[in-house]
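Letter by letter, the chains look like this.
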Amino acid sequence: MAAAAAPAARAGAGVGVGAGVGVGAVAAMAARGAEAEALFEAHTTAELRAAERRLRAGIEQKREELRQMVGERYRDLIEAADTIAEMRRSAERLLGAVRGLQRGGTARPGPASTARPPAHQSFYGAAAQLKLLLEVPEQLWGAVEGGRYLPAARLHLLGAHLRRQLQLDTPRARSSPILARFPILLRQVAAASHLRSTILQESKALLRCPTGSDQAVAEALCAIMLLEDSSPRQALADFLLARKLAIQQLLNQPHHGIKAQVCSLMELLTTTLYQAHAVFYTVPEGMAPDPALPCGLLFSTLESTTGQNPAGRGGVLEEDLKLSSWFKYLPESVVEFQPTLRTLAHPISQEYLRETLQQWITMCSDDIRTGVRTLLVYVKSMKGLAGIRDAVWELLSSESGSHNWEAVCRRLLDRPVSFWEELLQQLFLDRLQTLTKEGFDSISSSSKQLLALALQELEVKAGSCALSKQIQLEHNVALFLWSESPGDLPGDAAWVSVGQRGPFARSGLAMKAQALTPCVQSFCSTLDSKLKARLEDVLSYLPTDDSVPKEPAVPPRSAFDRFADAGTVQGLLRDHCVACVQHLLGCVREQLQSAQSQLGSPGDARLNAVLFMARLCQALPELCPHLQRCVLGQAGGAELAPKEPRSAKKLGKGKAQEVSPELAKWQGVKAELLQQSLLAYQLWSSAVTKGLVQGFTHTLLLDTAGSVLATATNWDEIEIQEETESGSSVTSKIRLPVQPSWHVQCLLFSLCQEVNRVGGHTLPKVTLQELLRSCLAEVLAAYEKLVEQKQEKRPDSFPLTQSRALQLLYDLRYLSIILTAKSEDTKPSRIKQDSGIEKVIDFLEGHIDPFDLDVFTPHLNGNLNRLVQRTSVLFGLLTGTENQYTSRGSTLSSQELHNILPLASSQIRFGLLPLSMSSSRKSKSTARSTERVQGQAAAPVLPREDEAARPGSLFRQLLTEDEDTVAPSLFKLGWLSGMTK
């Protein structure tokens, strides 16, 4: 040891010197790193020497500490080395002693006779039993740790048998000489009860594990039966109780995925039934067992354990114990020990097994429904629900989950079992209904807020400087229609035809053609995006188009039809979507009712809000395509819904097509939206009519000479030939009105302005007819008031002269022609209005000389006819396209028809712009008109410089056919010539 310590000491000294050198090197590096000149400039010589002394003292101190630390570690090393050497010498001495004993035992001669006295034989037997009793706990714990609970239970019962053999369990065991000589046995007796509880606890824990094999479950149940001396029915109760506790444990697991928990529940339920069949079910007598469906493991394991089966004989001792030298002294009762049950293990009857399992399923169903319902609260989308449902379907439809499932259910419960349909399907539908309701409630509330915000912005007066561009366009739709924007034409309009475009691709021109203002587009776009998100979420729960033909309704290995509730889901989607539209319509209805009592003149700002709601209800079915898909329940991607069948009226007298309930629902929604739109337009038309006719009535009833002159217009002087009594002809001149009064023209023009301001070409025909009807009724009421005033013959009233009566008659007949709407469903009301007009006309004709009236009537009718034709385009928004260029008066009998405007072959004033459309789509009339114009423009002339700046100079080229051709005309271009129609 001293020789070994010397080199170590030298090594420690070397380490200490090396450490000192290292510290000096560090100090030298620090000194070199410092700026020497700065140190000498900042400190005196005495201060520098003091710093040097402190630095050297620190170096010595560190060196001493290092030396002490190395010395202490070295002493510890020496002590450890001495201990190891002493242990080695002791082990060698022990091995030598053992070898000596072995040699002595071999050289010792054997006994003369192998027979021992009975006293010695009993002594050796008791000693062997004591040895075995001490070995049993170790063997038992090894079996428990290895998960072999049935061998552990048998060893525990063997230990109890040994204690009875040695009389250690009797009340007088404390005074036993064996316990006096072997006090360790006291601990063995005390630990016996603890071993029993441990085996029972671990066995029941195995029953709660869904991954345990059938054989392991059967052995655990056998262990419980042997330790508790219970029956197979009690074992069945223990098994089902353990599985119920496992279900509750799964439902209460925190921080686990909901999908994993639900799948684990389904796996546990199916595994329980499979294992109940494999462990407890016994084949009835006379029926051959099915090798694919093993059963009766509990009873076969019990037979082999209790020794009833010859294969199970041989005791419970392990093979390593049988190799021990003391094994041969054990009594036969210990060697051949087999545990037994107090009562015979009778097989469980099928009726009892069926009733017990059905009660267990019913009892667990309540817990599962409550737990899964609580878990599904945390699923916030239908896509998540579909993921859980598909995972359950894949689990139950797999090879392991669906193997002989129907046969097992028939044997155990005498009926097919589907845990999805019995436990989960309704829970998923309830959660889906809740999610759908919450989603559409959110859409309804956000739409209500968006509508209120839009109406608040629209009710700002037009003169305010804080109006945005969109609000200005909403106040005057004509500005929106005739303003250019970058989005009027799509970017690919030059090479993609209209027929090749998608169903949702709409250009800005299409929006302007339908008078769908930016505010309406924004509202519909926002609503449609939310409906799209909701629809996509619901469609994730429904079958897709590509999966329907590939996957039948119930595949051969499908545990259940996961799309069986698709119709219910679509019905929920449809009902909540319709409820959302109804809620929006209710909000619109409330706003219209509040605005109805506050509407004033046509310039009232509240009318803009009313018109916005009218356009919104009219545009929702078209600008919200996902609204239609939600109601119709279409599962296609971007495909349009099927076209609606024609109405019975268009089909004629034939049998009307059958309409599906979904399509009928959608038509009902569209009808309600249209009805609400018409109600809003009706409020607007009544407000406009009331405001405009009020000024007209005030001017008409002014009974002063100045007011009559102020409203007077041009009269025409006509020469007529009259025959005297002598037969000679006399030429005379008469003066007749050719223009309506100024207030009549102002009324009609203001009415056209109001109609044009709201996009008159998109107004419903019913609204326009109602506007004309109400305006004519108000005008007739004004004339009736005038008649009443004149019939009173007050002395201060202005007399109704023949000239004024002629002008009033001309105005009234012109108004009746312009404001009379021609329609089939307005015939009865028109007859009533005509009767009122005739009374006023009779009154006015009563103030005209009868002879003069006969002379004036033909010329007056001719003036009316020409006036109607002149103003048919100016007031075209009121007269309609079907009444242009034709005579409207049924009583007109003019001999000459002057075409003030050229008759057109079609009612399109301008040709279509040169968009990307094939020539085959052009109309025949357009082609004929183009050829005619090109033929007429074969020899155009170059206009003079002074005429080039005049309006319409380009169009006058068409009329100069006889002049010389100087340069080719622009109208030779085919597409530009179409504009001259």
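Since the model is a prediction, treat every value here as computed from it, not as a measurement.

Moving on to the environment of D842. Examined against the element boundaries, D842 turns out to sit in helix α31 (residues 827-845). The exposure class of D842 is partly exposed, given its relative accessible area of 49%. On a C-alpha basis, the gap between D842 and L809 in space is 9.4 Å, while along the polypeptide they are 33 residues apart.

Turning our attention to helix α15 (residues 382-397). Look at α15: 22 Å from first C-alpha to last across 16 residues, which is about the 22 Å you get at 1.5 Å a residue. Residues of α15 that are buried include every one of M382, L385, A386, I388, R389, D390, A391, V392, W393, L396 and S397, and no others. Packed against the buried residues of α15 are α10 (258-280), α14 (350-376), α17 (419-458) and α21 (518-539).

Bridging between strand β1 (residues 715-723) and strand β2 (residues 729-737) involves nine bridges; their strand directions are antiparallel. Bridging from a neighbouring strand, D716 pairs with L736 of β2.

On to the packing of α15 against α17. Between α15 and α17, the least distance of the axes is 10 Å, while the angle of their chain directions is 170°. The angle between the axes of α15 and α17 places the two elements in the roughly antiparallel class. Where α15 approaches α17, its residues M382, L385, I388, R389 and V392 are matched on the opposing element by W420, F428, R431, L432, L435 and T436.

With that settled, consider the environment of A579. With respect to the element layout, A579 can be found in helix α23 (residues 566-596). Assessed through its relative accessible area of 43%, A579 is described here as partly exposed. With 138 residues separating them in the primary sequence, A579 and D441 have C-alpha atoms 9.1 Å apart.

Glancing now at the pattern of salt bridges. The full count for this structure, using the stated rule, is 18 salt bridges. Two residues, E662 and R574, come together in a salt bridge whose shortest N-O distance is 3.8 Å. Within this pair, whereas E662 is found in helix α26 (residues 661-700), its partner R574 is found in helix α23, the two being separated by 88 residues in sequence. Looking at E662, the relative accessible area reads 28%, which means it is partly exposed. Where R773 meets E770, a salt bridge forms, and the shortest distance between an N and an O atom there is 2.8 Å. Highlighted residues: R773 and E770, both in helix α29 (residues 765-792), separated by three residues, approximately one helical turn. On the basis of relative accessibility, which here comes to 22%, the residue R773 falls in the partly exposed class.

Thresholds, definitions, all that
Residues numbered from 1 in each chain as written. Predicted model: local features only at pLDDT ≥ 70, side-chain atom pairs only at ≥ 80, totals over all residues. Heavy atoms only, no water. Helix = DSSP H or I, 4+ residues; strand = E, 2+ residues; numbered from the N terminus. Buried < 20%, exposed > 50% of the residue type's maximum accessible area, 1.4 Å probe, protein only. Expected span 1.5 Å × (residues − 1). Contact = heavy atoms within 4.5 Å. Pairing = 2+ DSSP bridges. Axes fitted to C-alpha atoms, helices over the stretch in contact; angles between N-to-C directions. Parallel < 35°, antiparallel > 145°, perpendicular 65-115°, else oblique. Salt bridge = Lys/Arg side-chain N within 4 Å of Asp/Glu carboxyl O.

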